[in-house]
Amino acid sequence: MRAVLVWKETFREQCVYDLAFKPDGSQLIIAAGLRVLVYDASDGALIQPLKGHKDIVYCVAYAKDGKRFASGSADKSIIIWTSKLEGILKYTHNDSIQCVAYNPVTHQLASCSSGDFGLWSPEQKSVNKHKVSSKITCCGWTNDGQYLALGMMNGVVSIRNKNGEEKVKIERPGGSSSPIWSIAWNPSKDEHNDILAVADWGQKLSFYQLSGKQIGKDRTLTYDPCCVSYFSKGEYIVMGGSDKQASLYTKDGVRLGTIGEQNAWVWTCRVKPDSNFVVLGCQDGTVACYQLIFSMVHGLYKDRYAYRDSMTDVIVQHLITEQKVRIKCRELVKKIAIYRNRLAIQLPEKILIYELFSDDSSDMKYHIKEKICRKFECNLLVVCSQHIILCQEKRLQCLSFTSVREKEWMMESLIRYIKVIGGPPGREGLLVGLKNGAILKIFVDNPFPITLLKLSTSVRCLDMSASRNKLAVVDEHNTLLVYDINSKELLFQEPNANSVAWNTQCEDMLCFSGNGYLNIKASNFPVHQQKMQGFMVGYNGSKIFCLHVYSMSAVEVPQSAPMYQYLERKMFKEAYQIACLGVTDSDWRDLATEALEGLDFDTAKKAFIRIRDLRYLELINSIEERKKRGENDNELFLADVYAYQGKFHEAAKLYKRTGHESRALSMYTDLRMFEYAKEFVGATDPKSSRILMTKQADWAKSSKEPRAAAEMYLSAGEHLKAIDIIGEHGWADMLIDIARKLDKAEREPLAKCALHFKRLKHHGYASETYSKMGDLKALVHLHVETRHWEEAFSLVEKHPHFKYDVFVPYAQWLAENDRFEEAQKAFHKAGRQNEAVKVLEQLTHNAVVENRFNDAGYYYWMLSMQCLDIARESEEQRDEMLKKFERFQHLAELYHVYRSIQRYTDEPFSSHMPETLFNICRFLLNNLTKNIPAGISKVNTLYALAKQSQKLGAYKLARYSYEKLQELHIPSRFHESIELGNLVIRSKPFHDSEDLIEGMMCYRCSTNNPLLNNQGSVCINCRQPFIYSASSYEVLPLVQFYLEEGISDEEALSLIDLEVPHLDQGDVRWQDMDNGELQALRMDDGLDDPEEDPFTAKMSFEQGGSNFVPVKVNRSVLRSVSRRDVLIKRWPRPLKWEYFRSLLPDVSITMCPTCFKMFHSEDYELLVLQHNCCPYCRRPIDEPN
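This write-up is about the structure you can find in this document. Source: prediction; values computed, not measured.

Before going further, it helps to examine the overall build of the protein chain. The helix and strand tally for the protein chain stands at 31 helices and 62 strands. Across the 1185 residues in the protein chain, those meeting the buried criterion constitute 51%. Sequence-distant contacts, at least 24 apart, represent 44% of the contacts inside the protein chain between residues at least 6 apart. By element, 48% of the accessible surface of the protein chain is carried by carbon and sulfur atoms, the whole surface being about 56,100 Å².

And the structure:
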């Protein structure tokens, strides 16, 4: 730190007691004698003297806003002046004014006299005054304007609030023997607490917090202090007093140096706001302005930079990681040296040697290794591993860390520059530059310096390259000279340099700074320049360390420019070395590409690895493999490189030149550059052109341009591919055009077209295509798949061998759509009898499970007819099927009958007459002698019978039914009703109604049969089976007769039709009903003489015994029988026809021609009208027989 006198003014025989700067630093207010003087702060010129006080002016203060200042005098008055130097207010105290201070926030003025202090503010008329017990010598407001500190003669510091009330009282140990002479608050905004500096005439400097707590220990002074003043930011203190000089201290009170020696006591000192200018005022009337110049104390080694901070601290900064560490020395730091893991700091009385804790390159922890407790005077300080080197003008001294002087060298001229250039520990080399231009190399362990060069001008800066082969020098004319150390030859020189450094990682690169530019030079290429402020002090890889004013920064400089200089000369290896120092990714790519084109595959490979470009690495690997296999056609390799780079036309030319036209062609087609490919091929080769066309179409397909692709395929004759694309996208119009243009012999493309039409649901087009191909089977399948049954049936009519292909799917489709009966018929039509039977069996089972007995009966009848069909067609299954036929016929009748009983028991209303129900129940019970079929309830039947018997007066039968019911398990819903019926029936007579018994007469033997017969539905006497009406279940007057051996059905029919007339036959009138479709008999009159009727003769005999003797007739009987008396069941083969003769011709009987069930004609007509079909087999009435 140096103090330079800027200006000086002396007022004869007048003491300067106080000074104050205007807040902007432009004016200085001086209290000199009776006057207040206003000076220009920059050059010390008097602006104006102000008169107003009648006695000596003791104090002045300027308001923080710069609008007013105040002066206080021994005449007990205070004058307020404006910044325009006009007095605007005057007020007085009872004693002489000692000090004044403006509040920095509210601009309230505190004025202190010997006995009191007053607080004045512009908005108040009066001045509030507060008495004090001792004379006030100094005062000061805190930064926030909340508190006012008063220093007193009795050694007390009193801290008051804005209203003047005492909040804190600090009593100094010396008491009134050490009066407080000056106080100042630290103006720094960075401090957490308000810090008060207190200087007393006990020759002490102390620091206190606002709470009154002392900070640290008292600092002992060697003089009586008269004034304490802080720099604007609070980093330093200026203090003056009886030692006739002003001194600079740190904010902690460590003395740093003298500012200006005077001839009398220094009464006041002030620092110009926000600057390094200090003004002193002395007892003898001298006012002096000094500028403080803080020199830079620092050291650099590679990427570690150490510099002085706040004069007493050392900060070590790692320039790469930006880490910083602060070492507090608490004394003025004079010199700093840094080398490897060593750091030397020179203090006024000692040198400290620090060492890093570890060898880690990023470690920033230092600890003291050695202390050399001696005072040294030196210009330059250098530290090595085991020594420190002191430079004093021409002399160099080498000291060990234990302060032993080991070597000394005397130079012939002043030493201007010194630098450690490395070496083994204890034997490091130093590079020394002298004022006379000599450059020496000194080894620490060698007493003899080695002269490297002798220049004609003084040396400013030196550096040696990494391999110690080259030396760079900057001389005092700012010229950079680079020499080869071995040959002493000047390699090149550059103007405008103030500092120079070699790149520590690359032998051929150095950089230098000057004139606001940074210059980088590689080898002997031209210099690359870029703007930079400050000094360049180091060059490590791609980082340049730059010192600008007081801050050191690492500037990242891409080494692109020198790299490109090497590339231009095709020096790929050197360019790669430069790139390794740090270039951008795009520079790496350029290096890789240039090296590849220059066929330096090794460098290219390394560069591509850097940017992780696998594509090019694969190319290089493949080229290296090919080289190993003996290929050495560089032009071909280059063609591959060009193709990879996208320089396709150059690649194609090279391919052509090396005779690899096919490669060029495949390159163009792979890239879809079909136009270039066609140009390359030319119009001469039609085969290649077609291949190109196909490839172009392939590409169009893959690049999502399907229509174009399809058209190209068509033009290249690739119909199948075109059809695939068109079909995929569903363009039916294009597809049918193709199908129509194709020849019918081209079956594969046509079949594909048809398939696509089917998929797109264009059945018309598909049908057209199949027809064109003549593929009838596919056409049938198409109709079946699309459910176009009409077209399918019409095809089957023309081509019956497809019957199976149509009817089976049709039947399955019907079955899927719950049209089982139609499905069954379709199976039947298709000749799939077993499936037809299966469907029916399932239907029957379902109907029984669901209590649909009507349907069950119908399905069983249909089943029986199917069995009959199978028996007719299949010889081996005939017996089995006929048995089934009988069983199913029987079951059909049982279910048909049980339906009425189920309705009677389960539904609230019954549509049947009691007689019918009575007959039905009896019929059912007569037939339920063996196994009871599923779903038929004996309980329901007996219950219905009991009820109806009771109604009709068959009490005995009713009683029997109730008794039978007692043996069965009865549902709870019938319990009450059955018990009640049981009781009621006991009140009835124990016999049946006569009418009912007469109704059970056998028409063959005239025997009265019981109402219930455990032998079944046959006469108990002649065993003749009863024929029942299928509606009312009354016994019909019919007897079955059989033909004698040798009479065929056709002959019998012709014999019956002959009708040999009787001579005395009465007038017989026939009615032929239902247009001959149904056979109905009605006789108006019987035969006159039954004895003469051969038929009656055949039947009229008493028969007892267990064997049934059927009626058999011969030809003559047949001849004599009237056609109208005979009903014939014309069963299809293999069954025989059944013949019945009506014994009561006046009873009209109708037989259904399909199911051969017999009905009373009136009942049948009514039922047919109701249901529009036969109630049993559901044959529609309008269906032809």
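On we go from here.
In this structure, Trp861, Tyr895, Leu924, Leu965 and Met1158 are the most contacted members of the largest nonpolar core, which totals 84 residues. No other element matches helix α21 (residues 853–873), which puts 13 residues into this core. Apart from residues no more than four positions distant in its own chain, tryptophan 861 is found in contact with Gln889, Ala892, Thr1154, Cys1155, Tyr1176 and Cys1177.

For the rest of this paragraph, the subject is the state of the cysteines. Applying the stated criterion across every chain yields a total of 0 disulfides. With no disulfide partner, cysteine 99 has as its closest neighbouring cysteine sulfur the one in cysteine 139, 3.5 Å distant. You can call cysteine 99 buried: its relative accessible area is 7%.

Note: strands within a sheet are paired through backbone hydrogen bonds, in either parallel or antiparallel orientation. Judged by pairing direction, the sheet is antiparallel, and its 4 strands sit side by side in the order β10-β11-β12-β13 without closing on themselves. Every other strand in the sheet has two partners, leaving β10 (97–102) and β13 (128–131) as the edge strands with one partner each. Taken pair by pair, the neighbouring strands of this sheet meet at an average axis angle of 15°, ignoring direction. Sheet analysis places β10 next to strand β11 (residues 109–113), joined by 5 bridges and oriented antiparallel. Bridging from a neighbouring strand, valine 100 pairs with serine 111 of β11.

On to helix α22 (residues 878–906). Here α22 is 29 residues long and its end C-alpha atoms lie 40 Å apart, about the 42 Å a rise of 1.5 Å per residue gives. The largest bend along α22 measures about 25° and falls at tyrosine 898.

What follows covers the pairing of strand β6 (residues 57–62). Burial of β6 is extensive: 5 of the 6 residues sit out of reach of the surface. With 5 bridges joining them, β6 and strand β7 (residues 68–73) adopt antiparallel strand pairing. Bridge pairing in β7 links valine 60 to serine 71. Where β6 hands over to β7, the hairpin turn is made up of 5 residues, of which glycine 66 adopts a positive phi near 75°.

Looking now at the pattern of salt bridges. Close approach of charged atoms allows side chains with opposite charge to pair. Considering all chains together, one arrives at 30 salt bridges under this definition. We note a salt bridge from lysine 470 to aspartate 508, for which the minimum N-O separation is 3.1 Å. Note that lysine 470 is positioned in strand β46 (residues 470–475) and aspartate 508 in the loop between β49 (499–502) and β50 (509–514), a separation of 38 residues in sequence. A relative accessible area of 28% places aspartate 508 in the partly exposed class. Of the charged contacts, one joins lysine 964 and glutamate 967 as a salt bridge, the two residues approaching to 4.0 Å between their closest N and O atoms. In the salt-bridge network here, residues are joined through shared partners; they are Arg172, Asp200 and Asp218.

Right, let's get into the side chain of glutamate 428. Take glutamate 428: it is sitting in the loop between β41 (415–420) and β42 (429–434). Buried and without a salt bridge, glutamate 428 has arginine 340 as its closest oppositely charged side chain, separated by 4.9 Å. Side-chain polar atoms of glutamate 428 contact the backbone nitrogen of glycine 426, separated by 3.2 Å.

With respect to the secondary-structure elements, threonine 941 resides in helix α24 (residues 938–952). Accessibility expressed as a relative area gives 0% for threonine 941, which makes it buried. Discounting residues that sit within four places of it in the chain, threonine 941 has contacts with Tyr898, Ile901, Cys921, Leu924 and Leu925.

Take the environment of tyrosine 39 next. When you line up the elements, tyrosine 39 lands in strand β4 (residues 35–40). Given the relative accessible area of 4%, tyrosine 39 is considered buried. In sequence terms tyrosine 39 and serine 26 are 13 residues apart; their C-alpha atoms lie 8.7 Å from each other. What tyrosine 39 contacts, discounting residues up to four positions off in sequence, is Glu9, Phe11, Ser26, Gln27, Leu28, Ile30, Gly44, Ala45, Leu46 and Ile47.

Right, let's get into the packing of aromatic side chains. For the structure on display, the rule yields 26 aromatic pairs. Centroid distance phenylalanine 885 to tryptophan 1131: 5.6 Å. Interplanar angle 85°. Geometry classified as edge-to-face. One end of the pair, phenylalanine 885, is in helix α22; the other, tryptophan 1131, is in the loop between β59 (1126–1129) and β60 (1138–1142), with 246 residues separating them in the sequence. Tryptophan 1131 shares its class with phenylalanine 885; the two are buried. On the numbers, 6.4 Å between centres and 80° between planes, the contact of phenylalanine 1026 with tyrosine 1028 is edge-to-face. We classify phenylalanine 1026 as buried; its relative accessible area is 11%. A relative accessible area of 11% means that tyrosine 1028 is categorised as buried. The lysine or arginine in question, arginine 615, covers the ring of tyrosine 616, its NZ or CZ lying 5.2 Å from the ring centre.

As a further point, take the sheet that holds strand β48 (residues 490–494). Across the sheet, 4 strands lie side by side as β45-β46-β47-β48; this open sheet has antiparallel pairing. The open sheet terminates on both sides in strands that have one partner only, identified here as β45 (459–464) and β48. On average, each strand axis in the sheet is tilted by 15° relative to the strand beside it, whichever way the strands run. Sheet topology places strand β47 (residues 480–484) next to β48; 4 bridges connect them, and they run antiparallel. Following the sheet pairing, tyrosine 483 is matched in β48 by leucine 490.

In terms of burial, β60 is largely enclosed, as 4 of its 5 residues are buried. Inspection of the sheet shows strand β56 (residues 1038–1043) paired to β60 by 4 bridges, in the antiparallel sense. Of the residues in β60, the one forming a bridge with phenylalanine 1041 is tyrosine 1139. Judged from the 4 bridges that link them, β59 and β60 form a sheet pairing that is antiparallel. Of the residues in β60, the one forming a bridge with lysine 1129 is glutamate 1138.

With that settled, the discussion passes to the packing of helix α1 (residues 560–568) against helix α3 (residues 585–597). Packing of α1 against α3 leaves a shortest axis separation of 11 Å and a crossing angle of 10°. Put simply, α1 runs roughly parallel to α3. In contact with Ser560, Met563, Tyr564 and Leu567 of α1, α3 contributes Ser586, Asp587, Asp590, Leu591 and Glu594. Class assignment for the residues of the contact of α1 with α3 results in 4 nonpolar, 2 polar and 3 charged.

Here we come to the environment of serine 961. Examined against the element boundaries, serine 961 turns out to sit in helix α25 (residues 955–966). Serine 961 gets classed as buried once you look at its relative accessible area, which sits at 0%. Taking the C-alpha atoms as reference, serine 961 lies 9.5 Å from valine 939; in sequence the two are 22 residues apart. Excluding residues within four positions of it along the chain, serine 961 makes contact with Leu942, Leu945 and Ala946.

Burial analysis of α1 places 7 of its 9 residues in the buried class, the great majority of the element. Taken together, the buried positions of α1 are occupied by Ser560, Ala561, Pro562, Met563, Gln565, Tyr566 and Leu567. Buried positions along α1 lie against β50, β51 (517–522), β52 (528–531), α2 (572–581) and α3. One or two residues past the end of α1 sits lysine 570, with phi positive at roughly 60°.

The rules we used
Residues numbered from 1 in each chain as written. Predicted model: local features only at pLDDT ≥ 70, side-chain atom pairs only at ≥ 80, totals over all residues. Heavy atoms only, no water. Helix = DSSP H or I, 4+ residues; strand = E, 2+ residues; numbered from the N terminus. Buried < 20%, exposed > 50% of the residue type's maximum accessible area, 1.4 Å probe, protein only. Contact = heavy atoms within 4.5 Å. Areas by Shrake-Rupley, 256 points an atom, 1.4 Å probe, with all protein chains shown as cover. Core = buried A, V, L, I, M, F, W, Y, C linked by side-chain atoms within 4.5 Å. Disulfide = S-S within 2.5 Å. Pairing = 2+ DSSP bridges. Axes fitted to C-alpha atoms, helices over the stretch in contact; angles between N-to-C directions. Expected span 1.5 Å × (residues − 1). Bend = angle between axes of the 7 residues up to and from the residue. Salt bridge = Lys/Arg side-chain N within 4 Å of Asp/Glu carboxyl O. Lys, Arg positive; Asp, Glu negative; His and termini not counted. Polar contact = N/O pair within 3.5 Å; in protein donor to acceptor, adjacent residues only side chain to side chain. Phe/Tyr/Trp six-rings, centres within 6.5 Å; stacked < 30°, edge-to-face > 60°. Lys NZ or Arg CZ within 6 Å of the ring centre and 35° of its normal. Parallel < 35°, antiparallel > 145°, perpendicular 65-115°, else oblique. Nonpolar A, V, L, I, M, F, W, Y, C, P; charged D, E, K, R; others polar.

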